[in-house]
Amino acid sequence: MEFNDVIHGHRSIRQYEDREVSQEVLDQVLNAGIRASSSGNMQSYSIVVTRDKELRRKLYTPHMDQSMVLDAPVLLTFCADFNRMRRWLELNEAPVHFDNFMSFMIGAIDATLASQNCALAAENAGLGICYMGSTLANCDQIGELLNLPPNVVPVVGYSLGYPAESPPVRDRLPQQGLVHYEQYEDYTDERILDIYADRNEKGWQRYMDVPQLKEMTERLGLKNLAQIYTIAKYTKESHLGYSQTVLDYLDKQNFMQNGDSQ
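Conventions we followed
Residues numbered from 1 in each chain as written. Predicted model: local features only at pLDDT ≥ 70, side-chain atom pairs only at ≥ 80, totals over all residues. Heavy atoms only, no water. Core = buried A, V, L, I, M, F, W, Y, C linked by side-chain atoms within 4.5 Å. Buried < 20%, exposed > 50% of the residue type's maximum accessible area, 1.4 Å probe, protein only. Helix = DSSP H or I, 4+ residues; strand = E, 2+ residues; numbered from the N terminus. Contact = heavy atoms within 4.5 Å. Phe/Tyr/Trp six-rings, centres within 6.5 Å; stacked < 30°, edge-to-face > 60°. Lys NZ or Arg CZ within 6 Å of the ring centre and 35° of its normal.

S.K.: Please set out the nonpolar core residue by residue, giving values where relevant.
M.R.: The biggest cluster of nonpolar side chains holds 51 residues, and the ones touching the most others in it are Leu76, Phe78, Phe104, Leu127 and Leu160. When residues of this core are assigned to their parent elements, the largest contribution, eight residues, is made by helix α6 (residues 101-124). If we ignore the near neighbours within four places in the chain, the residues touching phenylalanine 78 are Ser46, Ile47, Ala111, Ala114, Ser115, Cys118, Val153, Pro154, Val155, Val156 and Tyr158. Grouped together as the second largest cluster of nonpolar side chains are six residues, Met208, Leu222, Leu225 and Ile228 included.

Structural data, given as structure tokens:
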């Protein structure tokens, strides 16, 4: 495929053919991830490939009962990983740290960069993916199921397989609403309304076109897409809960040795 076609043709795939992904194709995808940029070329991430059906059944609940966990032949989980680096430092008699929040952020960014390289390679090979925010939200449960040692935290994950659907390409905010030149230019109210005008219309219509989602919006008395985001999808209470889950798991996994800030 042409590179621009891969970029602009991205869509989230939730329905998959009953068809395995060959190791040859999977290796192409993984090798693309390994070529991603990383901080200091430390490659402070690991990729967990899950094909086993029984393990995917166990992952179904922490992944919030999303059908593609069971239906896709492969799950990829990208983890911030300083376990490997710390072991290497120890074996070479170098100071061993990388056990603080900054280290987690470096690993999380490295993992995310690798995940997007893999995603592009997968789509270029005719595969489909669907990113799952549940990977970070329930990182503790997923980490336990994947047998992650200290200094390893799941950050990004997605299903992978051959698409059995072709949903429309989703809208994106316009470039002029996202890109700032030289310095950040804060938004006027008028500009905000202009940037989100198309999203408001298309996003709301998407909910109205699905009977279950329409019923939910009517039951909750929601009047616009912004209310859907903060009253139905991403409530303050849920985000506070997930935030505490991540912070507790970072502490458990030895990423919160932050000196006086503890």
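That shown, we press on.
S.K.: Describe the packing of aromatic side chains, listing the residues and the values that go with them.
M.R.: By the definition in use, this model includes seven aromatic pairs. Between tyrosine 229 and tyrosine 234, the aromatic rings sit 6.0 Å apart at their centres with planes inclined by 20°, giving stacked as the arrangement. Put simply, the rings of Phe78, Tyr131 and Tyr158 pair up and form one aromatic cluster. Over the ring of tyrosine 162 we find arginine 19; its NZ or CZ atom is 3.6 Å from the centre of that ring.

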